[in-house]
Structure formats: C-alpha cells, structure tokens
Amino acid sequence: MANYPEWLMPYKTKGVYVSKKKNGYALYRGHSERVPGKKSPVFRCDEYLGIVTEKDGLIPSRPPVRSGIEVRRYGLWVVAEKFCSHLRLDPKSKGLDHKLLYARALLSLEGRDDRDGYAGSWLSVAWPGVDMTHEMSEEESKALKRIQVQMKSLLAMRLGEDKERVMDLSRDVYAVHVNGGWHIGDVPSELEVLASKYGLDFFIDEVKSGKKRGKREQVSE
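Residues numbered from 1 in each chain as written. Predicted model: local features only at pLDDT ≥ 70, side-chain atom pairs only at ≥ 80, totals over all residues. Heavy atoms only, no water.

## Re the side chain of Ser121
Consideration 1: Structurally, the position occupied by Ser121 is in the loop between helix H4 (115-119) and helix H5 (123-126).
Consideration 2: Not counting residues up to four positions away in its chain, the partners in contact with Ser121 are Arg72, Arg73 and Leu107. (Helix = DSSP H or I, 4+ residues; strand = E, 2+ residues; numbered from the N terminus. Contact = heavy atoms within 4.5 Å.)

## Remarks on empty space enclosed by the protein
Consideration 1: Scanning all chains against the criterion turns up one cavity of 30 Å³ or more.
Consideration 2: The calculated volume of the largest cavity comes to roughly 60 Å³.
Consideration 3: Residue composition of the lining of the largest cavity, grouped by class: five nonpolar, three polar and three charged. (1 Å grid on protein atoms, 1.4 Å probe; cavity = no way out; pocket = protein on both sides within 12 Å on 5 of 7 lines; lining within 4 Å. Points joined across faces, edges and corners; volume = space filled by probe spheres on them. Nonpolar A, V, L, I, M, F, W, Y, C, P; charged D, E, K, R; others polar.)

## A closer look at the pattern of salt bridges
Consideration 1: Tallying each qualifying case throughout the model produces 11 salt bridges.
Consideration 2: Across the salt bridge formed by Arg104 and Asp113, the nearest N and O atoms sit 3.0 Å from each other.
Consideration 3: What makes Arg104 buried here is its relative accessible area of 19%.
Consideration 4: The exposure class of Asp113 is partly exposed, given its relative accessible area of 25%. (Salt bridge = Lys/Arg side-chain N within 4 Å of Asp/Glu carboxyl O. Buried < 20%, exposed > 50% of the residue type's maximum accessible area, 1.4 Å probe, protein only.)

## Structural notes on helix H7 (residues 163-170)
Consideration 1: Taken residue by residue, H7 has Lys163, Val166, Met167, Leu169 and Ser170 as its buried positions.
Consideration 2: On its buried face, H7 sits against helix H1 (75-84), helix H3 (98-109), helix H6 (138-159) and helix H8 (189-198).

## Brief notes about the environment of Glu81
Consideration 1: Counting through the fold element by element, Glu81 comes out in helix H1.
Consideration 2: As for Glu81 and Leu106, which are separated by 25 residues in sequence, their C-alpha atoms are 9.9 Å apart.
Consideration 3: A polar contact is formed between the side chain of Glu81 and the side chain of Arg88, at a distance of 2.7 Å. (Polar contact = N/O pair within 3.5 Å; in protein donor to acceptor, adjacent residues only side chain to side chain.)

## So, the pairing of strand S2 (residues 24-33)
Working note: regular strand, side chains alternate between the two faces of the sheet.
Consideration 1: Looking at chain direction, strand S1 (residues 16-21) and S2 are connected through six bridges and run antiparallel. Across the sheet, residue Ser19 finds its bridge partner in S2, namely Ala26.
Consideration 2: Between S1 and S2, which pair antiparallel and follow one another directly, the connecting turn spans two residues. (Pairing = 2+ DSSP bridges.)

## Quick notes on the environment of Ile51
Consideration 1: Here Ile51 lies in strand S3 (residues 42-53).
Consideration 2: C-alpha separation for the pair Ile51 and Lys20, spaced 31 residues apart in sequence, amounts to 9.4 Å.

## Description of the nonpolar core
Consideration 1: Within the largest apolar cluster, 49 residues are counted, with the highest numbers of intra-cluster contacts made by Tyr74, Trp77, Leu106, Trp122, Met151, Leu155 and Phe202.
Consideration 2: Where this core is concerned, the elements lending two or more residues are H1, H3, H5, H6, H7, strand S7 (181-184) and H8.
Consideration 3: Leaving out residues up to four positions away in the same chain, Met151 has contacts with Cys84, Leu87, Tyr102, Ala105, Leu106 and Leu109.
Consideration 4: Core analysis: the next-biggest nonpolar cluster, separate from the first, contains eight residues, Tyr4, Leu8, Val16 and Val18 among them. (Core = buried A, V, L, I, M, F, W, Y, C linked by side-chain atoms within 4.5 Å.)

Interpretation in functional terms is not warranted from these geometric data alone.
Structure below.
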C-alpha cells in the first residue's frame, strides 16, 4: 500500500481512490463489480472528485469528468519494456507472432495469461487486437517457453535483490483514461526511489498511448 501523507487521509474515505499528480493527489470515487465473462471484479470509476493539496485542501473538479473512463494495469509493462523488450526480436525475425508471445510471457508473470488478463493490461492499449485465444503451434509454444525463462532471468539479473520488491510495487501502478487522455495512477514513494535507481520511467507520453508513432515505438515493437 502506498504511503500517503497524513493531511490526505481525511479525504481518502471508503470508495475513494487516490492518484498522485505533480500538483497534488487526484481523487476518484469508484467501485468494483462483477462482469459476465470476467473472472475478476472490474474497477469502475464513478466520479472524479478533484485535486487535493496540503495548502488548499480539495479543489473540486471543473469541468466534470466525461464518460469513457478506463483503467489498465501498467507497472509491469514498464519494467518489462526496460529490460526485456529485445526478446521480441528473435521470434519476429522467424515470422512468429512476436506480440502474442511477448504478451503471454509478460502476463504469465502476473498469473493472468488469458484473454481477461490481456484486456485489463496496458498490452491491450499498446497492442490492440492480439488474439489470446490463438492455438499455438509447437514452434510457438517452444518460443513462448524460451521467452518466459529469459524474461525471468533478465529481471533477476538486472534488478538483483530488489526484483521482488520492484515487481510487487509495480503491479499496483495503473493507467487511467479520463477526459480523452491517459494518466498515470499513484506511484508509491518506495517505487519512485527504485525507479530512479534502475532508470524506470512510468510517465505516459503520446508515443506510449498510441497517439503518435515515433522512432522509439517502432523499434520497441
């Protein structure tokens, strides 16, 4: 759980979720609900309440949030992209579905290697349309196992004794789509320190959100 300042706690009541911003903390009122076809409850943002600062307290939202709010798990995507994105190159050179293989390897780290896991991950934004129901060939299955082993090995090598902590904290970092744009959710202060240590960038820019296809994204795919 993130370490929030004491002045924020009176606003963080039941059903209210917090997202850290440069100018304070954004408050959202939401709930979890069961959706047919989904194994796990789905988070629904009902209302954006505004920004809280130590000096001014709650600054209500103006204008109100428009409909179409989406939430995606984002943190592990960032960690994997930093250290493991090159693992897509070999299967791509062999004409295999490198996005499907990489997506399944990454989702397996969360224990959510299925269609629902993909739908709730940033993968579905970065790479829309990946067919998680595709029945893999023997060659694809072998390639997936290699990527899974390599991904775990690379993360252990690059993060060392901090691996488990980075992974645990990153699992709780979300991307929120509100009022037409993607915004990063709360990044725990401990993770911010570790991110600086390992060069991890949780910022969402236009390239990452798919609005602009620059050189960086073309290479990473």
